[in-house]
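Topology and contacts: notes
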Amino acid sequence: MKTMIKSTILFLCMFCASVQAQGRGIVWNGYLQTDNRVQLLGENDFSWHEYRLNLRAELSPFNKTNFHSELWIRTLGFPDVQNSADLGDNNILRPLNLDLREAYIDLYSFVLPNFDLRIGRQRIAWGTGDKINPTDNLNPYDLEDLWDFGRHLGSDGMLASLYLGDYAVTTAILPFFTPAVLPSGDWASIMTQTIELPGLTVRTLTDSIVMPENNLRGASKAG
Amino acid sequence: MKRITKTTTILLPVMFITLSWAQPEFTASQILERVDSVVNAPQDQTMNMKLILFDKNGNEREREIVMYQKGGDKRMGKILAPADQRGIAFLSLPGGVMYVYLPAFKKTRRIASHVKNTKFAGTDFTYEDMEAGAYGIKYVPEILKHEGSDHVLKLTPRPEIQSEYSMLKLWVDEKTFVPTKIEHYDKGKKLCKLMTRDKIEETSGYWLARESEMSDLRNGQKTKMIIQDVQFNQGLADDLFTERHLER
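This one's a predicted model, so the numbers in the text were calculated from it and none came from an experiment. (Residues numbered from 1 in each chain as written. Chains lettered and ligands numbered in written order. Predicted model: local features only at pLDDT ≥ 70, side-chain atom pairs only at ≥ 80, totals over all residues.)

We now examine the overall build of chain A. A tally of helices and strands in chain A yields two helices and eight strands. Taken from N to C terminus, the helices and strands of chain A fall in the order α-β-β-β-α-β-β-β-β-β. Considering only intrachain contacts with a sequence separation of at least 6, the fraction spanning at least 24 residues in chain A is 45%. (Helix = DSSP H or I, 4+ residues; strand = E, 2+ residues; numbered from the N terminus. Contact = placed C-beta atoms within 7 Å.)

Below, the discussion takes up the sheet that holds strand β3 (residues 65-76) of chain A. All names here are of chain A. The sheet built from eight strands is open, its strands ordered β1-β2-β3-β4-β5-β6-β7-β8 with antiparallel pairing. Looking along the sheet, the strands with just one partner apiece sit at the ends: β1 (27-38) and β8 (220-222). Shown here is a sheet whose adjacent strand axes are inclined to one another by a mean of 10°, direction ignored. (Pairing = 2+ DSSP bridges. Axes fitted to C-alpha atoms, helices over the stretch in contact; angles between N-to-C directions.)

Okay, the environment of Leu-246 of chain B next. Residues and elements named next belong to chain B. Along the polypeptide, Leu-246 turns up in helix α5 (residues 243-246). The partly exposed category is assigned to Leu-246, around which 19 C-beta atoms lie within 10 Å. Sequence separation between Leu-246 and Val-35 is 211 residues; the distance between their C-alpha atoms is 29 Å. Excluding anything up to four places from it in sequence, Leu-246 contacts Met-76, Ala-89, Leu-91, Tyr-99, Tyr-101 and Thr-108. (Buried ≥ 20, exposed ≤ 12 C-beta atoms within 10 Å, placed from the backbone.)

Looking now at the environment of Pro-140 of chain A. All names here are of chain A. Tracing the sequence through the fold places Pro-140 in the loop between β5 (115-122) and β6 (155-164). Here the alpha-carbon distance between Pro-140 and Val-210, two residues 70 residues apart in the chain, equals 16 Å. Here Pro-140 is in contact with His-152, Leu-153, Thr-178, Pro-179 and Ala-180, once residues within four sequence places are set aside.

Turning next to the nonpolar core. The biggest cluster of nonpolar side chains holds 35 residues, and the ones touching the most others in it are Ala-89, Phe-90, Leu-170 and Val-172 of chain B. At the level of secondary structure, the elements contributing two or more residues to this core comprise α2 (28-39), β1 (44-54), β3 (74-81), β4 (89-93), β5 (97-102), β8 (150-157) and β9 (167-173) of chain B. Looking at which element gives the most residues to this core, the answer is β9 of chain B, with four residues. What Leu-170 of chain B contacts, discounting residues up to four positions off in sequence, is Leu-153, Leu-155, Pro-179 and Ile-182 of chain B. Counting five residues, the second largest nonpolar core, distinct from the first, contains Leu-59, Phe-67, Tyr-104 and Ile-119 of chain A. (Core = buried A, V, L, I, M, F, W, Y, C linked by C-beta atoms within 7 Å.)

What follows deals with the domain arrangement of chain A. Size of an interface: often given as the accessible area lost when the parts come together. All names here are of chain A. Partitioning chain A into structural domains gives domain 1 (1-103) and domain 2 (108-223). Across the contact, seven residues belong to domain 1 and nine residues belong to domain 2. Elements with a minimum of two residues in the side of domain 1 that touches domain 2: β2 (46-59) and β4 (96-107). If one sorts the elements of the side of domain 1 that touches domain 2 by residue count, β4 sits on top with four residues. (Domains from an automatic or database assignment.)

Interpretation of this model should avoid reading the predicted coordinates in detail wherever pLDDT is low. Residues and elements named next belong to chain B. Residue-level pLDDT values for chain B average 89, and 90% of them are 70 or greater. When the elements of chain B are averaged for pLDDT, helix α1 (residues 2-21) gives the smallest value, 53, and β1 the largest, 97. Low pLDDT, under 50, characterises residues 18-22; the stretch is placed with zero contacts to residues that sit more than four places away or in other chains. Quick note on the complex model: pTM equals 0.79, ipTM equals 0.72. (pLDDT = per-residue confidence, 0-100.)

Structure below.
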């Protein structure tokens, strides 16, 4: 198994080097989005401040091979300066966030003419619903912005599709577990309601999350 | 002998003129058959097109699209530009089966008949307009009149076809059988869209309208479709016209 993992890592490194070496033929596209929100009631607080540069790159370095990546470069939130020392920290003044949403390689007709393989960080949308879709549960929810409900994070894994006429058998293996992102901003408290017990006052509350084991036994598989 | 020669000399031009006037009378079905055979003549075609969208104030937006067609009943179109729409694709298969792939959702959806009146990627072409398929399969033709050098046909959707239009009026060039103008009438039998086809020329032995314009008379918008590059009979595989390739 170790050899296999080593081989995979080596292959991916070689592929990255190859992509870099090509340099041309890459199709770039993307967008710049600004999102600023203000509350209409109360003190008219600003509730969201985001600048997002979305960069997508596509490349077909070899026949029947396609590379796709999507990167968000963004500043999100407001300066959180607590003391004078913070004024020298650019990460506090203008927090920058890099989010690799997707980065995968497609191998079309891999080994068999009717077999496709996708390896890397990817969004696997299952089912037909867009926003509320109980079957779309392979990728964790990204609830950071509740107004963009339905957004999912990409998951690192492998997606294999075998096409048989009008049908396709699809298998997904997601070795690494990524937890969902909870809302931030105005909606931060929606998932952490205060607990009130009759006659009792809760002074402190701690919680802990048990994550799946970081090994192949804890990996998600679906087909 | 001289008399016979004289008579023949007079009769021949008269016969020639008479024959010239007596052009073959086509029935509506025959005209539509010829239209279908001209429009879908190539075994397959690959077209790179530019779509220019004009709003009612004359502002322009552009889309670039590649369209593949095999025979008369398989068609796939993919948007190449702008960046925010790149990858949106549709697939039209025999029997009115249509799919659309939306990269933002990473999903392929079948387009139900009742939503084929939805505009494709903000253009004035609906999915029904973009659908492949012979006119003869979808419509019952009827000759309305002869106008200039065009046959004018009234096309009524066959009972088994669900269409957003109550009828079409089709102007067909009498010599080439290429459609030159199409009027679209809504369910209230009111003219709602007008398609004109210009720069009709023969390319590699096939008739082609290099420019088409679809005007939506309800909102004053229009979309111009310009064929920038076309290739015929490249041997496109059936495999290309599948959901699998739609998502690539």
